[in-house]
Amino acid sequence: MASLNVGNLGEYLREQRRQAQLSLRQLADAAGVSNPYLSQIERGLRKPSADILQQLAKALRISAETLYVQAGILDERDRDEVETRAAILADPSINERQKQVLLQIYESFRKENALDAEPAEPADPADPADPAEPADPAGPAGAGDAMPPTPTN
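Residues numbered from 1 in each chain as written. Predicted model: local features only at pLDDT ≥ 70, side-chain atom pairs only at ≥ 80, totals over all residues. Heavy atoms only, no water.

> Describe helix α4 (residues 50-60), with residues and values.
Every buried residue of α4 is accounted for by Ile 52, Leu 53, Leu 56, Ala 57 and Leu 60. Taken end-on, α4 shows its buried residues confined to a sector of 140°, consistent with a single buried face. Facing away from the buried side of α4 by over 90 degrees, the exposed positions are Asp 51 and Lys 58. Buried residues along α4 sit in contact with α1 (9-19), α2 (24-31), α3 (35-42) and α5 (64-71). Looking at the residues trailing α4, positive phi occurs at Arg 61, about 60°. (Buried < 20%, exposed > 50% of the residue type's maximum accessible area, 1.4 Å probe, protein only. Helix = DSSP H or I, 4+ residues; strand = E, 2+ residues; numbered from the N terminus. Arc of directions from axis to C-beta. Contact = heavy atoms within 4.5 Å.)

Structure, rendered in structure tokens:
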């Protein structure tokens, strides 16, 4: 389905309802909410809870995560992860053990890539415990490297 260019949750819900060819009353009944409440949500007068959004998504047969993003409950980046997990868990061609292994691998890749994306902190040259600076075998600067006095005649 093409991404809709709507300004807010209410407009998005109205557009989804119209695409599903449902009246306001039909969607309200299917989602288990009152007709006036759904009307207020569509007009932007009410902000529904995550539970109500989930009921609306189920009635519209769309992803609840999509509604969470529209409502500002879920970040767009988080939605991709949730949808990937949901796709793995919903796949009937693999068993539960395989699903869990896939999720573990997926999570390890996400963590690895997050670490790779973090900028490395610069080494502090004043920190003697910093392994980035090689230790001076003669010890700290100035210790034992004084020149012997020059004899005067």
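> Before we move on, could you go through the packing of α2 against α4 and cite the residues and values that matter?
Viewed as axis vectors pointing N to C, α2 and α4 meet at an angle of 115°, and their least axial separation amounts to 8 Å. Considering the relative orientation of α2 and α4, their crossing is right-handed. In contact with Leu 27, Ala 30 and Ala 31 of α2, α4 contributes Gln 55, Leu 56, Ala 59 and Leu 60. Considering only residue class, the contact of α2 with α4 consists of 6 nonpolar, 1 polar and no charged. (Axes fitted to C-alpha atoms, helices over the stretch in contact; angles between N-to-C directions. Left-handed = near helix turned anticlockwise from the far one by under 90°. Nonpolar A, V, L, I, M, F, W, Y, C, P; charged D, E, K, R; others polar.)

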